[in-house]
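Remarks on the overall topology
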Amino acid sequence: MKLIDAVKGYLLSRKSRCNDKTIEWYRQKLSHFCSVLQQEYEITKLDKVTVTHLRLFVEHMKVTKACENNPHKPTQEKDIRDVTVKGYVQVIKSFFIWCVREELIKKNPATNLDNPKVGRYVIKTFTEEQIKAILDACDTSTMVGFRDYTIILLLLDSGIRVSELCGLTLDRVYLSVMNQAFIKVMGKGRKEREVGISTSVAECLWKYIHMHRHPKNATDQTLLINLFGVPLTINGIEQLLQEAAKRAGVTGVRVSPHTFRHTFARMFLENGGDVYKLSLLLGHSSVVVTENYLRDFESRNARNNQIKHSPVANMDLSKSKGGFRKKQADILRE
């Protein structure tokens, strides 16, 4: 069997479990994998792939320039990030596990393929000032502006994934149940969970649903509708967030739905929330996954407490007669 045909079968099998953006993520990486194996090593058959080919591909990716394979962005001088290389390895391993399970090959060539080491990065989240600026950039007097305003508040208030946001329907939005508003979302692995929302966000949702939501098809139950009356897509949400941030002049942080998810997690912990409850709210399979969201929280806490515990800040230097103060006085007298 041709390698590219096996990839097509794998992508088809993932459609029932993944959203369109995830499928595209798999497709892009596996297509590039097939292309490199064919061009560099003349490998086109699935059963001809060995662990050596996979290791050579990983080394090839390590020296690939950033955005080299992205037709929408110019190639940069720096190499792609280690987390990107790790993403390729994860997809390749998943693909070959599927190939063995479907009996397309007898032996998995990726069994002994090591995951590349990656650095521990702090994912930068939004500041309160940046959030307010993005909200202020939404013209709430218009249908689109009020919808965008509501989306931003809902992302920040719930921490749900963008795919879960797009999948919300009217029957999963509960705005007045025993004075506790909440939404039901369908997460990864078809796992349903309830996520509470604050009163102010519930009020915005009520107003959006009754005044600004105008579906093209009256029977359409999708919560979020675009300007043409059809369901809003993941790309549409990402684009509206980026446009609002651009109008607000927000820079220095990645503007995406996932950044709002991380911001929610950080603020939840800062306000005294429990990490185990946070894990349930985020829909994580394990608290270990949630710990990745703690880095910005821990980094901010350490930075905020630095002055409080700083040796210099806690020293009385006002009576110091030496060092810089003395030299500066001497210079002024001269």
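The structure we're discussing is the one just above.
Residues numbered from 1 in each chain as written. Predicted model: local features only at pLDDT ≥ 70, side-chain atom pairs only at ≥ 80, totals over all residues. Heavy atoms only, no water.

1. Some remarks on the environment of isoleucine 183
Within the secondary structure, isoleucine 183 sits in strand β2 (residues 182-186). Overall, isoleucine 183 belongs to the buried group, its relative accessible area being 0%. Along the chain, isoleucine 183 and leucine 170 lie 13 residues apart, while their C-alpha atoms are 9.5 Å from each other. In this structure, isoleucine 183 is in contact with Leu154, Ser158, Ile160, Leu168, Arg172, Val173, Arg193, Glu194, Val195 and Ile197, ignoring residues within four places of it in sequence. (Helix = DSSP H or I, 4+ residues; strand = E, 2+ residues; numbered from the N terminus. Buried < 20%, exposed > 50% of the residue type's maximum accessible area, 1.4 Å probe, protein only. Contact = heavy atoms within 4.5 Å.)

2. Some remarks on the side chain of serine 279
Considering the arrangement of structural elements, one finds serine 279 in helix α11 (residues 275-282). Serine 279 gets classed as buried once you look at its relative accessible area, which sits at 5%. With residues near it in sequence (within four places) discarded, serine 279 still touches His284, Ser286, Val287 and Thr290.

3. What to know about the packing of helix α6 (residues 143-158) against helix α10 (residues 257-270)
Following both chains from N to C, one finds α6 and α10 inclined at 45°, their axes separated by 7 Å at the closest point. Viewed along their axes, α6 and α10 adopt a mutual orientation that is oblique. Here the hand of the crossing between α6 and α10 comes out right-handed. Within the contact between the two elements, α6 uses Ile152, Leu155, Leu156, Asp157 and Ser158 and α10 uses Pro257, Phe260, Thr263, Phe264 and Met267. Of the residues belonging to the contact of α6 with α10, the class tally is seven nonpolar, two polar and one charged. (Axes fitted to C-alpha atoms, helices over the stretch in contact; angles between N-to-C directions. Parallel < 35°, antiparallel > 145°, perpendicular 65-115°, else oblique. Left-handed = near helix turned anticlockwise from the far one by under 90°. Nonpolar A, V, L, I, M, F, W, Y, C, P; charged D, E, K, R; others polar.)

4. Quick word on the pairing of strand β3 (residues 192-196)
Judged by which residues are buried, β3 turns out to be one-sided: Arg193 and Val195 face inward and are buried, whereas Glu192, Glu194 and Gly196, on the alternate face, are not. Linking two consecutive strands that pair antiparallel, namely β2 and β3, is a turn of five residues; a positive phi of about 70° is found at glycine 189 within it. (Pairing = 2+ DSSP bridges.)

5. Considerations on a nonpolar patch on the surface
There is a patch of nonpolar side chains on the surface, built from Leu227, Phe228 and Val230 and spanning about 340 Å² of accessible area. As for its position among the elements, valine 230 is in the loop between α8 (199-212) and α9 (234-248). (Patch = residues over 30% accessible without salt bridge, like charges linked within 9 Å, V, L, I, M, F, W, Y side chains within 5 Å. Areas by Shrake-Rupley, 256 points an atom, 1.4 Å probe, with all protein chains shown as cover. Salt bridge = Lys/Arg side-chain N within 4 Å of Asp/Glu carboxyl O.)

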